[in-house]
Amino acid sequence: MAEVAFHFNAPDKAAYVCRLLRKAYLKGARVTVLAPGDQIDALDRGLWLLAQGEFVPHCVQADPEPTRRHSPVHLLDRLDERAPTQVLVNLGEAVPDDYARFERVIEVVGLNDEDRASARQRWRRYQADGIEPQRHDLKAAGE
């Protein structure tokens, strides 16, 4: 069963996820990020614009198979069987149907009311599936 954690109060979701991906990459994790297309574009740009020496190798859905096979981070607008299953970072409004194939799921929640309401629905879905999500308040942690 997947371990689920919610990271609440991200003032800038794209910047936070880029830092999270950098940390995961340095630890050797293989990560799938599921997000709407516009957020994928922002994350792709953000990962390319990290400081010199901090680049995070990544790919997007349209990249050729050799690139996807060797990339530790996949930025996707829909899950497929080629996505790494170690960590899923979900930026979508719904819980993916096949989230249980991942070892760990991280839900990143911003400050706006719509994002919080959507997160509450996802929290309840995980609970209904027998998972008690962990809560990480980024504001309290000084992120």
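As the structure is a prediction and not an experimental result, all values here were calculated from the model.

**Student:** Can you walk me through the nonpolar core in this structure?
**Tutor:** Generally speaking, nonpolar side chains in soluble globular proteins are found buried as a group. By size, the foremost hydrophobic cluster in this structure holds 23 residues, and its most contacted members are Leu21, Val31, Val33, Leu75, Val89, Leu91 and Val108. Looking at this core, the elements with two or more residues in it are helix H1 (13–26), strand S2 (31–34), helix H2 (37–48), strand S4 (73–76), strand S5 (87–90) and strand S6 (104–108). Per-element tally for this core: the top contributor is H1, with six residues. With residues near it in sequence (within four places) discarded, Val33 still touches Leu21, Ile40, Leu43, His74, Leu75, Leu76, Val89 and Leu91. Of all hydrophobic cores here, the second largest spans 15 residues; its members include Ala2, Phe8, Tyr99 and Ala119.

**Student:** How should the pairing of S6 be read in this particular structure?
**Tutor:** For a regular strand, the rule is simple: side chains alternate between the two faces of the sheet. Within S6, four of the five residues are buried, which leaves it mostly tucked inside the rest of the structure. By the bridge criterion, five bridges tie strand S1 (residues 3–8) to S6 in an arrangement that is parallel. By the bridge assignment, Phe6 is partnered in S6 with Glu107.

**Student:** Explain helix H4 (residues 113–128) to me, please; I cannot follow it from the model alone.
**Tutor:** One turn of an α-helix holds 3.6 residues; hence residues three or four places apart share an orientation. Helix length check: H4 (16 residues) gives 23 Å between terminal C-alpha atoms against 22 Å at 1.5 Å per residue, within 8%. Of the residues making up H4, those classed as buried are Asp115, Ser118, Ala119, Arg122, Trp123 and Tyr126. Buried residues of H4, viewed axially, fall in a sector of 150°; they line one side. Across H4 from its buried face, at more than 90 degrees, point the exposed residues Asp113, Glu114 and Ala128. At its buried positions, H4 is contacted by S1, H1, S5, S6 and strand S7 (134–137).

**Student:** How should I be thinking about the layout of surface pockets in this particular structure?
**Tutor:** Unfilled space is identified by rolling a water-sized probe across the atoms. The calculated volume of the second largest pocket comes to roughly 210 Å³. Around the second largest pocket, the lining residues are Lys13, Pro36, Gln39, Leu91, Gly92, Glu93, Gly110, Leu111, Asn112, Glu114, Asp115 and Ser118. With three residues, the single largest contributor to the lining of the second largest pocket is H4. Classifying every residue of the lining of the second largest pocket gives three nonpolar, five polar and four charged.

**Student:** Before we go on, may I ask you to explain the environment of Val73 in this structure?
**Tutor:** With respect to the helices, strands and loops of the structure, Val73 is situated in strand S4. For the pair Val73 and Ala128, spaced 55 residues apart in sequence, the C-alpha to C-alpha distance is 29 Å. Sequence-distant contacts of Val73, defined by excluding residues within four places in its chain, comprise Leu21, Val31, Val56, Pro57, His58 and Cys59.

**Student:** Can you help me understand the sheet that holds strand S3 (residues 58–60) in this one?
**Tutor:** In any sheet, the strands associate via hydrogen bonds between backbone groups, in a parallel or an antiparallel arrangement. One open sheet accounts for seven strands, arranged S3-S4-S2-S5-S6-S1-S7; its pairing is parallel. Strand pairing shows two members of the sheet lacking a second neighbour, S3 and S7, which therefore form its edges. Averaged over neighbouring strand pairs, the angle between their axes works out to 20° when direction is ignored. Its contacts with the sheet put H1 on S1, S2, S4, S5 and S6, and the angle it makes with S6 is roughly 155°. Contacts from H4 reach S1, S5, S6 and S7 within the one sheet, and its direction differs from that of S1 by about 165°.

Rules behind the numbers
Residues numbered from 1 in each chain as written. Predicted model: local features only at pLDDT ≥ 70, side-chain atom pairs only at ≥ 80, totals over all residues. Heavy atoms only, no water. Core = buried A, V, L, I, M, F, W, Y, C linked by side-chain atoms within 4.5 Å. Buried < 20%, exposed > 50% of the residue type's maximum accessible area, 1.4 Å probe, protein only. Helix = DSSP H or I, 4+ residues; strand = E, 2+ residues; numbered from the N terminus. Contact = heavy atoms within 4.5 Å. Pairing = 2+ DSSP bridges. Expected span 1.5 Å × (residues − 1). Arc of directions from axis to C-beta. 1 Å grid on protein atoms, 1.4 Å probe; cavity = no way out; pocket = protein on both sides within 12 Å on 5 of 7 lines; lining within 4 Å. Points joined across faces, edges and corners; volume = space filled by probe spheres on them. Nonpolar A, V, L, I, M, F, W, Y, C, P; charged D, E, K, R; others polar. Axes fitted to C-alpha atoms, helices over the stretch in contact; angles between N-to-C directions.

These results come straight from atomic positions and should not be treated as a statement about function.
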